[in-house]
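# Summary of the model geometry
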Amino acid sequence: MGEAPVWSVVVLPALLGVGAFAAVAFDAALHVRAAGRPVSVSVIAPLRAVVRLLITQRRATTAADVVLWRTGVVLVPVLAVLAGLVLPLGGVAVADLAVGVVWFNAMEILAWAAVWMAGWGPNAALSLVGGYRFVAQGLAYELPHMFALITAATAAGTLRVGGIVEAQSGLWFVVWMPVAFVVYLLSAMAMAFWGPFDAPLGRDLAGGAAGELSGVDRLVFLGGRWLLLVVAVAMSVPLFLGGGSGPWLPGWVWTVLKTAAVLGVVVWFGRRFPTVRMERFAELAWVVLIPLTILQALVVALVVLIR
Amino acid sequence: MVTVALFWLFAVGALVSGFLVFWLDSMARVTFALLASFVFVAAEVILLGLAYLGVVIVLMMVMEMVIMVVFMIMYMMNPAGLMPMAMYHNKTGAMALSVGTFVALAAGIVLVDWPQRTGAPPPDPTFALGQALMGPHMLTMMTLGVALFATIVATVVLATHRGRYDRLGDDLRATRADDPVGGGIGR
């Protein structure tokens, strides 16, 4: 695996944007179908939402911490793209770092700071509660998430994402580390506060961390959240699903197909299941997910030692 | 040339954001100024060729600072910076001490006659670090880990006002724990 030329830095956000757009359109289609209206109208629903947010006036609140507020909002798409730097597409990544897995995790962790700042900034109680919920959720999902990442890296014997893809030339990691794969997807959803993990933006909080955001701020924050979901889901392909490997078609097509499939499942899952409450998820993560992922890591480590 | 320019950029960034910690008057801003300072230092570590350590510093510091901001604001009488607060007491003394310490350390770096480098860095610093931690320093790391974990457990035990008898009854035979907040696995 190699590194793409410098101009790929510009291509990456565009590609991620297309992915995010497709995900939003699919989500809108699911919503429209559930409401019993024709699905065809949902394709342009994301575009209409974008235009509406672009012309909506920004909301200002009393005694807001504007510096942290704006920083938090802008940070969400930025960290998503930064985490996406190590995503391989058919054998090339923008940057195939030697510590790619750690880089990915470090960048997505920035979401903790970003969402908290976005919740803190407007000086509003419900929005701050949303920020706190995200931190609580982060503390619950991060350890299982790290163990899932470590499991794939252990099996490949490298932290380089390209190396992890190469290690799956014989057998995809999802086959012999299904627990890590499922936990990874759950934590990817939690990271992008999507689906059952959207309590930080909960309706009971009138929108939570995003509650006071309007206009272009809201577009950047929620758009960045979709980018983050796409990046986190796309990373499951090189980590567990063999990257670009597959018959007949070129590698990048397989990467896109696999990403689209997993993304579709995740978006459907998010619509299908109700929001999980923080105290329930925290206990589930600590009492069930962490032991399971440690066991999974142990099995993989033993296999690597014996082999 | 680029490396030197980046070094100065990150160095000045770390210094300025470190100074902002004592300049700003809101707990939230102070925390993230400190985080920015740590991130600049992490960038310097990456410049030294220690990519793993640098990226891990970013990873750990973001988590730490986000947790810290929650706790700091919890314990602050005036968290939002709506009224001015200061991170220091005895302003002139604190300034003299901290600036003095910085100047002394920086002067030391410039004035000390550093020895010539012997040997070369390992081809893969991450691997070398892992071997050092898991090889010769294994006992230290294990002791450290157990000590940290014991500290965490001990502080939680000391901090909580509810024990297992409160949760499961005097003879510990309750089928469901009596918890103020229900958990996710229905115990």
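Note that the structure is a prediction, hence the values are computed from the model and not measured. (Residues numbered from 1 in each chain as written. Chains lettered and ligands numbered in written order. Predicted model: local features only at pLDDT ≥ 70, side-chain atom pairs only at ≥ 80, totals over all residues. Heavy atoms only, no water.)

As a further point, take the overall build of chain B. Counting its regular elements, chain B contains seven helices and zero strands. Reading chain B from its N terminus to its C terminus gives the helix and strand order α-α-α-α-α-α-α. The C-alpha radius of gyration computed for chain B amounts to 23 Å, which surpasses the reference 16 Å derived for 187 residues by more than 25%, pointing to a less compact arrangement than a globule. Taking the principal axes of the C-alpha coordinates as reference, chain B spans close to 70 × 50 × 30 Å. Among the 187 residues that make up chain B, the fraction classed as buried is 19%. Only carbon and sulfur atoms are counted for the fraction: they give 73% of the accessible area of chain B, which is about 13300 Å². Of the charged side chains in chain B, 9 are positive and 10 negative, and the gap between their average positions amounts to 6 Å. (Helix = DSSP H or I, 4+ residues; strand = E, 2+ residues; numbered from the N terminus. Rg over C-alpha atoms; globule rule 2.2 N^0.38 Å. Buried < 20%, exposed > 50% of the residue type's maximum accessible area, 1.4 Å probe, protein only. Areas by Shrake-Rupley, 256 points an atom, 1.4 Å probe, with all protein chains shown as cover. Lys, Arg positive; Asp, Glu negative; His and termini not counted. Charge placed at Lys NZ, Arg CZ, Asp CG, Glu CD.)

Another aspect to go through is the overall build of chain A. Scanning chain A from terminus to terminus reveals eleven helices and two strands. Along chain A, helices (α) and strands (β) appear in the sequence β-α-α-α-β-α-α-α-α-α-α-α-α when read from the amino end. Against the compact-globule benchmark of 19 Å for 307 residues, chain A has a radius of gyration of 19 Å, which places it among compact chains. By its C-alpha atoms, chain A is 60 × 40 × 40 Å across when sized along the principal axes. Of the contacts made within chain A by residues no fewer than 6 positions apart, 77% connect residues no fewer than 24 positions apart. Carbon and sulfur atoms make up 73% of the accessible area of chain A, which totals about 13000 Å². Of note, chain A has its 18 positive side-chain charges centred 11 Å away from the centre of its 13 negative side-chain charges. (Contact = heavy atoms within 4.5 Å.)

On to the interface of chain B and chain A, then. The interface of chain B with chain A comprises 27 residues on the first partner and 30 residues on the second. Taking both partners together, chain B and chain A bury about 2400 Å²; carbon and sulfur atoms supply 83% of that area. Run the count over chain B and chain A and you get one salt bridge. In this structure, Arg29 of chain B engages Asp65 of chain A in a salt bridge whose closest nitrogen and oxygen atoms are separated by 2.8 Å. Joining chain B to chain A, the criterion identifies one residue pair in polar contact (both at pLDDT 80 or more). Breaking the side of chain B that touches chain A down by element, the ones donating at least two residues are helix H2 (27-47) and helix H3 (51-75) of chain B. By residue number, the principal contributor to the side of chain B that touches chain A is H3 of chain B, which donates 13 residues. Of the residues in the side of chain B that touches chain A, the class split is 20 nonpolar, five polar and two charged. (Buried area = accessible area lost by both parts, 1.4 Å probe. Salt bridge = Lys/Arg side-chain N within 4 Å of Asp/Glu carboxyl O. Polar contact = N/O pair within 3.5 Å; in protein donor to acceptor, adjacent residues only side chain to side chain. Nonpolar A, V, L, I, M, F, W, Y, C, P; charged D, E, K, R; others polar.)

Residue and element names in this part refer to chain A. Applying the stated criterion to the full structure yields eleven salt bridges over all chains. Residue Asp96 pairs with Arg160 through a salt bridge whose shortest N-O separation is 2.6 Å. Here Asp96, found in the loop between strand E2 (92-93) and helix H4 (100-120), pairs with Arg160, found in the loop between helix H5 (125-156) and helix H6 (161-166); they are 64 residues apart in sequence, far enough to count as distant. Residue classification places Arg160 among the partly exposed residues on the basis of a relative accessible area of 24%. It is possible to trace a salt-bridge network through shared partners that takes in Arg58, Arg70 and Asp217.

To continue, consider the environment of Gly163 of chain A. All names here are of chain A. Looking at where Gly163 falls in the secondary structure, it is placed in helix H6. Between the alpha carbons of Gly163 and Asp96 there is a distance of 9.3 Å; along the sequence they are 67 residues apart. When near neighbours in sequence (up to four residues on either side) are disregarded, Gly163 contacts Ala156 and Thr158.

All names here are of chain A. Summarising the element assignment, Gln168 is placed in the loop between H6 and helix H7 (173-176). Reaching out from Gln168, the side chain makes a polar contact with the backbone oxygen of Pro238 at a distance of 2.7 Å. Separated by 3.3 Å, the side chain of Gln168 and the backbone oxygen of Leu239 make a polar contact. Leaving out residues up to four positions away in the same chain, Gln168 has contacts with Phe173, Pro238, Leu239, Phe240, Leu241 and Gly242.

Bringing the domain arrangement of chain B into the picture now. Residue and element names in this part refer to chain B. The assigned domain composition of chain B is domain 1 (1-88 + 125-133) and domain 2 (134-187). Taking the mean C-alpha position of each, domain 1 and domain 2 sit 31 Å from one another. The interface of domain 1 with domain 2 comprises four residues on the first partner and six residues on the second. Between domain 1 and domain 2, roughly 350 Å² of surface is buried when both sides are summed, and carbon and sulfur atoms account for 53% of that area. (Domains from an automatic or database assignment.)

Let us now look at the UniProt feature "transmembrane region" (unreviewed entry) in chain A. All names here are of chain A. In the numbering used here, UniProt assigns the feature "transmembrane region" (unreviewed entry) to residues 38-55, 67-89, 109-135, 171-194, 226-245, 251-269 and 281-306. Note that residues 109-135 is 85% helix and 0% strand, and that its end C-alpha atoms are spaced 10 Å apart. The straight-line gap between the two end C-alpha atoms of residues 281-306 is 36 Å; of that span, 100% is helix and 0% is strand. (UniProt positions renumbered as here; feature names shortened; annotations may be inferred.)

Turning our eyes to something else, we now look at the nonpolar core. Trp116, Tyr184, Phe221, Leu229, Leu239 and Phe240 of chain A together with Phe32 of chain B are the most contacted members of the largest nonpolar core, which has 113 residues in total. Among the elements that take part in this core, H4 of chain A stands out by supplying 17 residues, more than any other. Once residues lying within four places of it in the same chain are set aside, the contact partners of Tyr184 of chain A are Phe104, His145, Ala148, Leu149, Ala232, Met235, Ser236, Leu239 and Phe240 of chain A. (Core = buried A, V, L, I, M, F, W, Y, C linked by side-chain atoms within 4.5 Å.)

With that settled, consider the environment of Thr31 of chain B. Residue and element names in this part refer to chain B. With respect to the helices, strands and loops of the structure, Thr31 is situated in helix H2. Linking Thr31 and Met65, residues 34 residues apart in sequence, is a C-alpha distance of 6.4 Å. The residues touching Thr31, leaving out its near neighbours within four places in the chain, are Met65, Met68 and Val69.

A contiguous patch of negative charge on the surface is contributed by Asp166, Asp170, Asp171 and Asp178 of chain B. Mapped onto the fold, Asp170 of chain B is located in the segment after helix H7 (164-168). (Patch = residues over 30% accessible without salt bridge, like charges linked within 9 Å, V, L, I, M, F, W, Y side chains within 5 Å.)

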